[in-house]
Amino acid sequence: MSYLNFKQATINEYALSLKRRYSRAKPYQHIVLNNAFNEKILEKLLEEIPDLFSIKNSNKVDNPYEKKSATLRGGYKYGENGRKFFNYLNSSEFIDFLQVVTSINEPLIGDPHLIGGGLHQTRKGGLLKIHADFCRHPETNLDRRINVLIYLNKEWDLDYGGALELWDKNMKFCVKKVYPVFNRMIIFNTTDYTFHGLPNPLNCPDNIIRKSIAMYYYSNGRPAYELRPENFNQSTLFKNRPGEIIFNQIKSNNKLKELITDLIPPLFIKMYKKLLVKK
């Protein structure tokens, strides 16, 4: 049974047919594919997915930046269909497909541990503020290059909201919205300037959960222009939309203080504190 849906004779021909659309997309390189996978495969996978908010071994996040639940490494164990599907997403066939579509020169590498990825779920009121993703794998130190998001929401009402928003580099406009309908996949580059997110609280009924799969792909090295020079810790960079409160100002100031503290020799810090006491 084939996983991807395509009419071309080979999967490579399918990838080549998407390459131009991907490279010319705005606000940055991406492509949205409807009915991307064999529907029966996704339906079987959907039957196995639990409510991550109700199980112990899940990553439940609730702060001004994000309100969601996701799978943990070593936590939720996927069923048979889930294991097969995630194995396919990390297979040479699918990664080769991504390599052709994205035209990335460096060989792409999957992440079987799904760190930061896997299943993601959002309930009513949930959100994920506009951001650029962390740019290095926390364990391998490889460069994060590609995001693949696959949506699993049948009969999704657009009044619920829940669209993934793609913003321009200067954070002036939302250029594109991608609603999380069943069997829709979006592939996009991961750089310090590919701003995206789910910034508005989800407006769905209490019994509805927005479900998606997130897969990240890496390389050993990347073009320098894709990274911001001041990125010391390779962390997620949250951004404010026009008129939005600067949630990350306190966080940024604390990081600056930590950085300055790390750079100043302990002896100087002790001397400074003694001078303050004398005053």
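In this text, all values refer to a predicted model and were calculated from it rather than measured experimentally. (Residues numbered from 1 in each chain as written. Predicted model: local features only at pLDDT ≥ 70, side-chain atom pairs only at ≥ 80, totals over all residues. Heavy atoms only, no water.)

Asker: Could you give an account of the overall build of the chain, naming the residues involved and the relevant values?
Answerer: Helix and strand content of the chain: 6 helices and 12 strands. Counting the 279 residues in the chain, one finds 48% classified as buried. A sequence separation of at least 24 residues applies to 80% of the contacts in the chain between residues at least 6 apart. Accessible surface, the chain: about 15200 Å² in total, of which carbon and sulfur atoms supply 53%. (Helix = DSSP H or I, 4+ residues; strand = E, 2+ residues; numbered from the N terminus. Buried < 20%, exposed > 50% of the residue type's maximum accessible area, 1.4 Å probe, protein only. Contact = heavy atoms within 4.5 Å. Areas by Shrake-Rupley, 256 points an atom, 1.4 Å probe, with all protein chains shown as cover.)

Asker: An account of the pairing of strand β9 (residues 184–189) is needed here, citing residue identities and associated values.
Answerer: Counting buried residues in β9 gives 6 out of 6 residues, a clear majority hidden from the surface. Residues Arg184, Ile186 and Phe188 line one face of β9 and the alternating positions Met185, Ile187 and Asn189 line the opposite face, and both faces are buried. Note that strand β1 (residues 30–34) and β9 share 5 bridges and pair antiparallel. Bridge pairing links Ile31 to Ile187 in β9. Pairing of strand β6 (residues 143–151) with β9, which is carried by 6 bridges, proceeds in the antiparallel orientation. When the sheet's bridge partners are listed, Val148 is paired in β9 with Ile187. (Pairing = 2+ DSSP bridges.)

Asker: Tell me about helix α4 (residues 92–102), and please be specific about residues and values.
Answerer: Counting buried residues along α4, 8 of its 11 residues qualify, which places the element largely inside the surrounding structure. Those residues of α4 not exposed but buried are Phe94, Ile95, Phe97, Leu98, Gln99, Val100, Val101 and Thr102. Buried residues belonging to α4 abut α1 (11–24), β1, α3 (80–89), β6, β9 and β11 (210–219). After α4 finishes, the residue Ser103 shows a positive phi value of roughly 60 degrees.

Asker: Quick one: what's the story with the packing of aromatic side chains, residue by residue and with numbers?
Answerer: For the structure on display, the rule yields 15 aromatic pairs. Both rings, one in Phe6 and one in Tyr14, keep their centres 5.4 Å apart while their planes meet at 15 degrees; by these two values the pair is stacked. On the accessibility criterion, Phe6 (27% relative accessible area) is partly exposed. A centroid spacing of 4.5 Å and a plane angle of 35 degrees characterise the contact between Tyr65 and Phe238, whose relative ring orientation is tilted. Residue Tyr65 is found in the loop between β2 (58–62) and β3 (66–71), and its partner Phe238 is found in strand β12 (residues 237–238); the two are separated by 173 residues along the sequence. (Phe/Tyr/Trp six-rings, centres within 6.5 Å; stacked < 30°, edge-to-face > 60°.)

Asker: Tell me about the pattern of salt bridges, residues and numbers included.
Answerer: The final tally for this structure, using the stated rule, is 13 salt bridges. As a salt-bridge pair, Asp62 and Lys67 come within 2.8 Å of each other at their nearest N and O atoms. When its relative accessible area of 62% is taken as the criterion, Asp62 is described as exposed. Residue classification places Lys67 among the partly exposed residues on the basis of a relative accessible area of 31%. A salt bridge links Lys84 to Glu80; its shortest N-O distance comes to 3.1 Å. A residue pair is termed a helical-turn pair when its members lie 3 or 4 positions apart in one helix, as Lys84 and Glu80 do in helix α3 at 4 residues. By relative accessible area, which is 43% here, Lys84 ends up partly exposed. Overlapping salt bridges, with partners in common, bring together Glu106, Arg145, Arg222 and Glu226 in one network. (Salt bridge = Lys/Arg side-chain N within 4 Å of Asp/Glu carboxyl O.)

Asker: So what's going on with the nonpolar core? Residues and values would help.
Answerer: Ranked by internal contacts, the top residues of the largest apolar core, which has 43 residues, are Phe37, Leu89, Phe94 and Phe97. Only α1, β1, α2 (39–48), α3, α4, β6, β9 and β11 provide two or more residues apiece to this core. Take this core: its biggest share by element is 6 residues, from α4. Listed in part, the 14 residues of the second largest apolar core include Phe134, Tyr151, Leu164 and Tyr216. (Core = buried A, V, L, I, M, F, W, Y, C linked by side-chain atoms within 4.5 Å.)

Asker: Requested: an account of unusual backbone geometry, with residues and values cited.
Answerer: That bond from Lys26 to Pro27 is cis: its omega, 10 degrees, falls within 30 degrees of zero. Mapped onto the fold, Pro27 is located in the loop between α1 and β1. Positive phi, close to 50 degrees, is recorded for Asn35, a residue that is not glycine. Along the chain, Asn35 turns up in the loop between β1 and α2. The exposure class assigned to Asn35 is partly exposed, which follows from its relative accessible area of 49%. A positive phi angle is found at Leu114, which is not glycine, with a value near 55 degrees. Summarising the element assignment, Leu114 is placed in the loop between α4 and β4 (118–122). We classify Leu114 as buried; its relative accessible area is 13%.

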